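Tertiary structure, described
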Amino acid sequence: MLIGLFGVLTGYDGTFPFLKPGDKYGDAEYVGMRVCCVVLGGCLVPFAFVIGWDMTKSLSGAGWAASAILFDNGLVTLSQYILLDPVLMFFIMGSVMGNTRFRSLRDRHSFSFSWWFWLSFTGLFLACSVSVKFVGLFVVLYVGIFTIWDLWLMLGDLSLPLSSTVRHFASRTLCLIVLPIASYLLIFYVHLWVLNKSGSGDGFFSSSFQSQLRGNSLYNASMPKEVAFGAVLTLKNHRTGGGYLHSHWHLYPEGIGARQQQVTAYTHKDDNNKWTIKPFDVNIDSNDPSISIRLVKHGDVVRLEHVATKRNLHSHKEPAPLTKRHYQVTGYGENGVGDANDVWKVEIVGGKEGDVLTTISSRLKLVHFLTGCALHSHNKQLPKWGYEQMEVTCSQNLRDRNNLWNVEDNYFPRLPNVSVQFYAQNFFQKFLESHAIMLQGNSGLKPKEGEVTSRPWQWPINYRGQFFSGNQYRIYLLGNPLIWWVNLVSLVVFLCLAVYHLVCEQRGYERSALFKDDWKRMVSAGFQLFVGWVLHYAPFWVMGRVLYYHHYFPAVLFNSMLSGVIIDFVFKMVCSRRSSSEVTFNWAESVLFAVAAYSFFAYAPLSYGMQGPLSTEPNSTYSAIRLLDSWEF
């Protein structure tokens, strides 16, 4: 919504569809949206400086933390495009900055205006982080860990009055729990209010949700409340993100059960989702007024005829394509004439004899009359031969919730129509359903054929980048190798220094007063940033969804700031042993700064556009900077 707001303010009219990367913008006003991402990405540098200063009270340490982010080519690449990543990183870094600012004030300025401001700032940015992507939950956990730690120390501080401790607990509950939740709900209230039109993803949502989307076939629609024999209807799987019962002329390939017509679940509106419901033993003409209307009731035995192909919904004791313990479901017969395996029994959930099947509100099972299995759908995708639609099977487990369906569209001109607005959801129902679908969709993301993906072990070592554009100017997402490999070394150095410090503390080793505070600040700052890196990196090792190189960049922010802290500390410790310590320190910093800047400019074409031969080809100007064979620019 933030990117869209910038677009509206700068003349974007909403007509460019953003279907796939590389599409030409034409006359679309897109610059404002890119400016939004650039500005938010640019804020990462001052945020890092403030974080470094609050953690170390060292101007050079804060400068190094900011410089490691400033000279990262990968962050430049991400920030110059219309992507969620710069917005996400802006709010993550803002949350961390707010938390460090607040914690730096906790001893001397408790309950002052600035104290309340930074506490509330942190809570608001936490809500925004999660609103952008669910990865924002990691920074919520980060802030929560150190908040709990601070409160635990206060609880053990007997010099604090009990009333003051209670106020600290209450203030953090208000600003870090109540305020983020309220802000998050408000953001989604605005989101659902503004984005109220139909789109290509409507089919992922329930029928009652779709009835409130302008342009959807259910919006302000009216149709018969009750289902009658002869009606043309669509059946939607009732699970979250369930698809429509669908069929098409294509057959199952050789070796996949019976070579009959495919039946799938499809998440988009389509004429191939339409079925006619008929009694199992006779054909009826729903438009013939001489035939009395007969309503479909609980326990009725029916046939479902596919409108487009005139084949019946059918099952038999052949294994399903993917779920081998289930039976295959196909389309069978000619012009509605098939065999006994086309017969299904309607069972309304919670229904009893005589209950009528109703549109949208009734949940039903279709139980195969001969085998006793139930029509079933889940989120397993068929291969290319099934157009990557979802598998439909017949399950012997009648209690499975994926066996539940509802009638969404119901066309029967001889019955009176009623408005489907009666089934409209309230805000909290829409909020919960949209989140369930987002979670399911996110966890179910799989790589497309030929798509380059990556694994978490590859990210810290900068093993492989990611192509962003392959047109006239090639853009390749790759972190600055110098910074990323220094980041790796810094992680090891920090752990060694932290262990050494803890051993010295345990053994009672006394350091000189000159360096005692530096050691404590380094360990404290390093620990906070190390925890941030772990929280934003480790969870990807257990994720089942498809992963890409750019997922590592929030973790890189913490690692780069940690490098700044460690470099500053090591330089100070080494240079302090020389008589001309200040001059040596300044020279060492200047040289490393120049090397980092040179590395940035050497790899700048990857961010701003490359022309000519690839780095692997003869006479390429980029072969000198291709340090790993796995880099593909």
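Whatever comes next refers back to the structure up there.
In this report, we go over the structure that sits alongside the text. Throughout, a residue's number is its position along its own chain's written sequence, starting from 1. Given that the model is predicted, a residue must reach a pLDDT of at least 70 before its local features are reported, and side-chain atom pairs must reach 80 or more before they are shown or counted; all residues, however, enter totals for whole chains, interfaces and linings. Derived side-chain values reflect all non-hydrogen atoms in the structure, with water molecules and hydrogen atoms excluded from consideration.

Observations concerning the overall build of the protein
- Helix and strand content of the protein: 16 helices and 16 strands.
- Viewed in the frame of its principal axes, the protein has a C-alpha envelope of about 110 × 75 × 50 Å.
- By the burial criterion, 49% of the 633 residues in the protein qualify as buried.
- Considering only intrachain contacts with a sequence separation of at least 6, the fraction spanning at least 24 residues in the protein is 73%.
- Entry remark: accessible area of the protein is about 30300 Å², with carbon and sulfur atoms responsible for 61%.
- Under the convention used here, Asp and Glu are negative, Lys and Arg are positive, and both His and the chain ends fall outside the count. To locate a charge, the coordinates of NZ of Lys, CZ of Arg, CG of Asp or CD of Glu are taken. On the protein, the mean spot of the 53 positive side-chain charges and the mean spot of the 45 negative ones are 5 Å from each other. Secondary structure is summarised from DSSP: a helix means a run of H or I of at least four residues, a strand means a run of E of at least two, and numbering begins at the N terminus for each. Only protein chains enter the calculation, and the probe is 1.4 Å; a residue is then buried if its accessible area is under 20% of its type maximum, exposed if over 50%, and partly exposed in between. A contact between two residues is defined here by any heavy atoms of the two lying within 4.5 Å. Throughout, the Shrake-Rupley method with a 1.4 Å probe supplies accessible areas, and for residues the shown protein chains are the sole cover considered.

Some thoughts on the packing of aromatic side chains
- By convention, a stacked pair of Phe, Tyr or Trp rings (six-membered ring in the case of Trp) has centres within 6.5 Å and planes under 30 degrees apart, an edge-to-face pair has planes over 60 apart, and any other such pair is tilted. All told, the structure shown has 50 aromatic pairs when counted by the stated rule.
- With a centroid separation of 5.4 Å and 75 degrees between ring planes, the pair formed by Phe600 and Phe601 is classed as edge-to-face.
- Given a relative accessible area of 10%, Phe600 falls into the buried group.
- The rule is short: NZ of Lys or CZ of Arg within 6 Å of the ring centre and within 35 degrees of the ring normal puts a charge over the ring. Against the face of Phe111 rests Arg167, its NZ or CZ located 4.0 Å from the ring centre.

As for empty space enclosed by the protein
- Site definitions follow a grid-based scheme: protein atoms alone, a 1 Å grid, a 1.4 Å probe that fits but cannot get out for cavities, and for pockets an open set with protein on both sides within 12 Å along at least five of seven lines, plus lining residues having an atom within 4 Å of a point. Grid points are joined across faces, edges and corners, and a volume is the space filled by probe spheres set on the points. Summed over the entire model, instances satisfying the criterion amount to seven cavities of 30 Å³ or more.
- Considering the residues around the largest cavity, the lining is formed by Trp64, Ser67, Ala68, Phe71, Leu482, Ile483, Val486, Asn487, Ser563, Ile567, Leu592 and Ala596.
- Only α4 (59–70), α12 (481–507), α14 (553–575) and α15 (581–602) provide two or more residues apiece to the lining of the largest cavity.
- At four residues, the largest contribution of residues to the lining of the largest cavity is made by α12.
- Polar here means any residue other than Ala, Val, Leu, Ile, Met, Phe, Trp, Tyr, Cys and Pro, which are nonpolar, and Asp, Glu, Lys and Arg, which are charged; Gly is therefore polar. The residue inventory of the lining of the largest cavity, partitioned by class, reads nine nonpolar, three polar and no charged.

Describing the state of the cysteines
- Cysteine sulfur pairs qualify as disulfides if the two atoms are within 2.5 Å. Evaluation of the coordinates by the stated rule reveals one disulfide.
- The disulfide partner of Cys373 is Cys394, and the gap between their sulfur atoms is 2.0 Å. As the torsion about the S-S bond is roughly 95 degrees, the Cys373-Cys394 disulfide counts as right-handed. Taken together, the residues Cys373 in the loop between β10 (364–368) and β11 (374–381) and Cys394 in strand β12 (residues 390–395) connect sequence positions 21 residues apart.
- Judged by relative accessible area, Cys394 falls into the buried class, the value being 0%.

Some thoughts on the pairing of strand β8 (residues 327–332)
- In terms of burial, β8 is largely enclosed, as five of its six residues are buried.
- Here strand β4 (residues 261–266) pairs with β8 via two bridges, running antiparallel. Paired with Gln261 across the strands is Gly331, a residue of β8.
- DSSP calls a pair of strands paired once it identifies at least 2 bridges connecting them. Here strand β7 (residues 312–319) pairs with β8 via six bridges, running antiparallel. Among the inter-strand pairings, His314 is bridged to a residue of β8, identified as Thr330.
- As judged from the two bridges shared by β8 and β12, these two strands associate in the antiparallel manner. Its bridge partner lying in β12, Tyr327 is registered against Cys394.

Section: the environment of Ala340
- Within the secondary structure, Ala340 is located in the loop between β8 and β9 (344–348).
- Each C-alpha atom, one on Ala340 and one on Leu439, is 40 Å from the other, the two residues being 99 residues apart in sequence.

Section: unusual backbone geometry
- Even without being a glycine, Ile360 presents a positive backbone phi close to 65 degrees.
- Relative to the assigned elements, Ile360 resides in the loop between β9 and β10.
- A positive phi angle is found at Asn462, which is not glycine, with a value near 60 degrees.
- If you trace the backbone, Asn462 turns up in the loop between α11 (427–443) and β15 (466–470).

Scope: geometric values only; no functional claims are made or implied.
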